[in-house]
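# Structural description and commentary
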Amino acid sequence: MDDLMRLSLELTRPFALVALIALPILAIVFRRGLVDLPRRQLWISLILRSLIVVLLVLSLAGLTLLEPTTDRFVVFAVDRSASVGSDAPPSIDDYLTRATAEARAGRYAFVEFGGKPGPIRAELPKPMPKDDAGATADRSATDPLDPRATNLAAAIETAAAAIPPFFVPRIVLLSDGNETVGNGLEAALRAGVEVSTVPLPVRSGPEIQLAGVEVPAQVRQGEPFNVEVVVASDHDDDDVEIEVFKGAIRVVSERRPIRRGENRFVFRQEIAADRLATYTARVRGGKDTLLDNNSDIGLVFTSGKPRVLMIESSPRDADEFVSALREHEIEVDVRPTQGMPESLSDLQNYEMLILSNVPATALTTRQMDLARTYVRDLGGGFLMLGGDQSFGLGGYYKTALEEILPVRSDFEKEKEKPSLAMVLVIDKSGSMGGEKIELAKEAAKSAIELLGPNDKVGVIAFEGAAYWVSEIHPCSDKAAVLERVASIEAGGGTSMYPAMEEAYEALRAATAKLKHVIILTDGQSAPGDFEGITRSMSSARITVSTVGVGEGADVALLEEISRLGNGRHYFTDDPSAIPQIFAKETMSASKSAINEQPFTPRVVRATQALRDLDVENSPLLLGYVITRPKPTSEFILASESGDPLLSWWRYGLGMSVAFTSDAKNRWAPEWITWPDFGKFWAQVIRHAMRKSDAKGIVVEVDQRDRRALVRLDAVDAAGRYISEATTDVTVIHDRLPKRTLSMKRTAPGRFEAEIETPEPGAYHLELTLSADGRPLYRQSRGLAVGYPDELRIRPVDRGRLAAVARASGGVLEPPPESVFTPDERTVSRARPLHFPLLAAAILLFVVDVALRRIDFSLVGRRFRRIPPAGFANAS
């Protein structure tokens, strides 16, 4: 009786009830009908037809009977993360086998999870393979499981989504409870599903881990501070070596005994020069199972004199410049081109990066991208000094560094500059296919774009034979040449001599003051009289430069051709460097990017950076690189011809400066003797370098699991909280996209932001506090993330498992036999009434047809007139 009381009906498509409008139509037809049947029979027919309409409409509306059921569907979520012990799989298999022994098929499923859940399975899951040490073996990158983390929340959400409707839902979570991603308790509350939890054992020892490297966030240069190394162990051990590295240099190596639990070792350190120091601690030896958790890192920022990094093609030539800056309390580190930083951590040690006469061909694309990131996203300063290897002459056209600069490398040559006729000879053999040929075409386009309207250019492509892609053509119509260059396709052999011969004949007949050939190839050419054709070119005053790409190029031959042709030879094993080589070579060959007429600088715009400096009465400069300013740059100093000498602009968070003359003996020998030489450069550099004013600003970074909480407290000079301000934090990691987050004000003068830190390594944080669109303060911080928290020594978190079970109405450690035992909870199971309704409508339709075809009153009288058989015989 109680079950009948709990039965209910529902409509799945209630909009279909609109069809009941047919009932009034039936009534109208009934009243106006001409059927000659008894009134009572017609009324019964009307009622039947109305019932048929109602049944059909209810069928269309999806009338469903809801009946209570206690049938359960159980999803078993099994933790396969690295923190689960190697002895867990047998107990897991035993529990699942006993729990599903009496359950009907189709009433349960399984999902394995770590950081990410795996696929839902209907059969018993197999244990994850183990390595020899008992730790969880790493899966392939395509496996959805991530054993390096534990995400209870994702497991609960995936399991809840796998439960079909019309069953009493239940999730049984088998885990050690040590979640490192997400919040399982919140997920259990959101899911609205009973979650019972079964604790699993964690990894068993012996195990030693380096639990952390605790260092102050910021210290002063030369100030002693403590590096605290935290070592955790699940046993006593008397022979453990502790090492501490500052960068790549080992500064501590000691053997210490350790005891069960947490051990802290303090080492005294100081930083003399680095702005950002990385301390890496390691533990070696002892009884240990897992080695992946034996090292960790910490980052320390220092404050002191501003430091700049100068990359100089000839480091000895920078001595006067460096001495002048050091006299004004600016520290300078000078490196050759090979010392260009390969990481942001290296660049973060400096407030400014200076490139002095460094060609783009000496830098990798990554190094230039890092410099751009350093300026744009970390607020660093950038200065390029002139020289015969700088700006356009250095091949910076269309590079990341030209994007930073406030001046452009391409320009229209003055009419009196010598005209140039140039032929590009490009290898299009089969080995040049793919990326190489596309970059070669891009390089050719860049070279053509750099030429002036009085210049001429031709393009020859060669494989087994040579053909003109574009014959020598005036650069006043570059579009036609560029269009033909785009049509080059790779294929065939390598025969360079016919192409050189074609270039020689064409240039010999061309009219131009300068004639030049650039040859690009990646292979060994068929034989030819290369010495003879090159000497002929040289005799005709045609210079030849060569570019070899990759290990297959005939370097000896190409070097000999460039030597005999009075040109330059380039070799690169990075095809992406080809455009920079062509740009550099084009500008060098045109002999138009340098003006070596002595001049006195002219002030175009007064600025605080030139305060107390009489620049217009300074000594002569002997030359500069011709550039043109970008539209939004600040044009500060000019040559007597009006070309930019000193320009700067703000690029992202940082500032970029271009000084088109140099600061050494080629163009500035007299400037070096100027009494204000050092003051000029000190004021320019201080104006453009990264500012790190920390007065009134305190930054704290608290890293936990895969998240970091960044907190900034700000007060002004009077000690008042700065609350009406906008604070942003830019987060940069080598393997992740850049992110900029707005920090929320959580208290007077306090701003906070939570940052995801999914990958290990160094995170660079640039914090900017602004008011009315104007930056007030800027701070740089580093965040070090070591090995995954999954590898840390932690006991089973029974408290978290109990909280998840209690919050969702589940049970901690349910006996396996009780998993499918029904309780008072029920759900409504839907039973569609579509077919019963249609069957009833068909039956009533047959009866209605009979009522409309048969006069049952006549049938009754007829039956009354027929006497019984006995009466007939008697009569």
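What you see is a predicted model; the values in this text were computed from it and never measured. (Residues numbered from 1 in each chain as written. Predicted model: local features only at pLDDT ≥ 70, side-chain atom pairs only at ≥ 80, totals over all residues. Heavy atoms only, no water.)

## Examining the overall build of the protein chain
The secondary structure content of the protein chain amounts to 22 helices and 42 strands. For the protein chain, the C-alpha radius of gyration of 42 Å lies well beyond 29 Å, the compact-globule estimate for 875 residues. Summarising its shape, the C-alpha atoms of the protein chain cover approximately 155 × 80 × 65 Å along the three principal directions. Per-residue burial for the protein chain yields a buried fraction of 50% across its 875 residues. Of the contacts formed within the protein chain by residues at least 6 apart in sequence, a portion of 74% connects residues at least 24 apart. Just so you have it, the protein chain exposes about 40,000 Å², and 53% of that area is on carbon and sulfur atoms. Averaging the positions of the 104 positive and the 119 negative side-chain charges in the protein chain gives two centres separated by 9 Å. (Helix = DSSP H or I, 4+ residues; strand = E, 2+ residues; numbered from the N terminus. Rg over C-alpha atoms; globule rule 2.2 N^0.38 Å. Buried < 20%, exposed > 50% of the residue type's maximum accessible area, 1.4 Å probe, protein only. Contact = heavy atoms within 4.5 Å. Areas by Shrake-Rupley, 256 points an atom, 1.4 Å probe, with all protein chains shown as cover. Lys, Arg positive; Asp, Glu negative; His and termini not counted. Charge placed at Lys NZ, Arg CZ, Asp CG, Glu CD.)

## Quick word on the side chain of Glu766
With respect to the element layout, Glu766 can be found in strand E40 (residues 761-771). When near neighbours in sequence (up to four residues on either side) are disregarded, Glu766 contacts Asp377, Leu378, Gly379, Leu653, Arg690, Asp728, Val729, Thr730, Arg778, Gln779 and Ser780.

## Overview of the packing of aromatic side chains
For the coordinates displayed, the defined rule picks out 17 aromatic pairs. Taking the centre distance of 5.1 Å and the plane angle of 75° together, the rings of Phe599 and Tyr624 count as edge-to-face. In this pair, Phe599 sits in the loop between strand E27 (594-595) and strand E28 (602-603) while Tyr624 sits in strand E29 (residues 624-625), placing the two residues 25 residues apart along the sequence. Consider the rings of Phe680 and Trp681, whose centres lie 5.0 Å apart with planes at 80°: the pair is edge-to-face. Members of the aromatic cluster, connected to one another through ring pairs, are Phe321, Phe659, Trp671, Trp674, Phe680 and Trp681. In this structure, Arg282 packs its charged tip against the face of Phe245, placed 4.7 Å from the ring centre. (Phe/Tyr/Trp six-rings, centres within 6.5 Å; stacked < 30°, edge-to-face > 60°. Lys NZ or Arg CZ within 6 Å of the ring centre and 35° of its normal.)

## Brief notes about the environment of Met422
Of note, Met422 is situated in strand E21 (residues 420-427). For the pair Met422 and Ala589, spaced 167 residues apart in sequence, the C-alpha to C-alpha distance is 8.7 Å. Excluding anything up to four places from it in sequence, Met422 contacts Ala447, Leu451, Lys456, Val457, Gly458, Leu507, His516, Ile518 and Thr586.

## Points about the sheet that holds strand E13 (residues 261-269)
Strand-to-strand pairing in sheets goes through backbone hydrogen bonds, with the strands running parallel or antiparallel. A sheet is described by the order of its strands in space; here 3 strands give the open sequence E8-E10-E13, paired in antiparallel fashion. The outermost strands of the open sheet, each flanked by one partner alone, are strand E8 (208-214) and E13. Sheet twist, expressed as the mean angle between neighbouring strand axes with direction ignored, is 20°. Of the strand pairs in this sheet, strand E10 (residues 225-233) and E13 are connected by 9 bridges, and their pairing is antiparallel. Bridging across to E13, Val230 finds its partner in Arg264. (Pairing = 2+ DSSP bridges. Axes fitted to C-alpha atoms, helices over the stretch in contact; angles between N-to-C directions.)

## A closer look at the nonpolar core
In this structure, Phe659, Phe680 and Trp681 are the most contacted members of the largest nonpolar core, which totals 42 residues. Per-element tally for this core: the top contributor is helix H18 (residues 677-688), with 7 residues. For Phe659, the contacting residues outside a window of four places in its chain are Leu383, Met384, Leu385, Gly386, Phe391, Leu621, Leu645, Leu646, Trp671, Phe680 and Trp681. With 38 residues, the next largest nonpolar core counts Leu347, Val358, Tyr396 and Val625 among its residues. (Core = buried A, V, L, I, M, F, W, Y, C linked by side-chain atoms within 4.5 Å.)

## Observations regarding the confidence of the model for the protein chain
Summary statistics for the protein chain give a mean pLDDT of 84 and a share of 91% for residues scoring 70 or more. Within the model, pLDDT remains below 50 along residues 127-143, and this stretch shows 30 contacts once partners closer than five positions in the same chain are excluded. In this model residues 869-875 is a low-confidence stretch, pLDDT under 50, and it forms 0 contacts with partners more than four residues away in sequence or in other chains. (pLDDT = per-residue confidence, 0-100.)

## Quick look at a nonpolar patch on the surface
Taken together, Ile842, Phe845, Val846 and Val849 make up a surface patch of nonpolar side chains, about 380 Å² in accessible area. Looking at the element boundaries, Ile842 is found in helix H20 (residues 834-853). Given a relative accessible area of 58%, Ile842 falls into the exposed group. (Patch = residues over 30% accessible without salt bridge, like charges linked within 9 Å, V, L, I, M, F, W, Y side chains within 5 Å. Salt bridge = Lys/Arg side-chain N within 4 Å of Asp/Glu carboxyl O.)

## As for the packing of helix H6 (residues 184-191) against helix H19 (residues 798-808)
It is the contact of H6 with H19, at a shortest axis distance of 9 Å, that shows an interaxial angle of 15°. One finds that H6 runs roughly parallel with respect to H19. The handedness of the crossing between H6 and H19 is right-handed. Packed against H6, whose contacting residues are Gly184, Leu185, Ala188 and Leu189, the element H19 presents Ala803, Val804, Ala807 and Ser808 at the interface. (Parallel < 35°, antiparallel > 145°, perpendicular 65-115°, else oblique. Left-handed = near helix turned anticlockwise from the far one by under 90°.)

## Considering the pattern of salt bridges
Scanning the model with the defined rule gives 47 salt bridges in all. Where Arg256 meets Glu254, a salt bridge forms, and the shortest distance between an N and an O atom there is 2.6 Å. Note on Arg256: relative accessible area 25%, which makes it partly exposed. Each of the salt bridges in this network shares a partner with another, and the network as a whole consists of Glu214, Glu228, Glu262 and Arg264.

## Looking at the pairing of strand E11 (residues 237-246)
When you tally the buried positions in E11, you get 7 out of 10 residues, the bulk of the element. Sheet topology places E11 next to strand E12 (residues 249-258); 8 bridges connect them, and they run antiparallel. For Glu241, the partnering residue across the bridge sits in E12 and is Arg255. Linkage of E11 to E12, two consecutive antiparallel strands, is achieved through a turn of 2 residues, within which Gly247 is found at a positive phi near 65°. By the bridge criterion, 6 bridges tie E11 to strand E14 (residues 276-284) in an arrangement that is antiparallel. Paired with Lys246 across the two strands is Tyr279, which belongs to E14.

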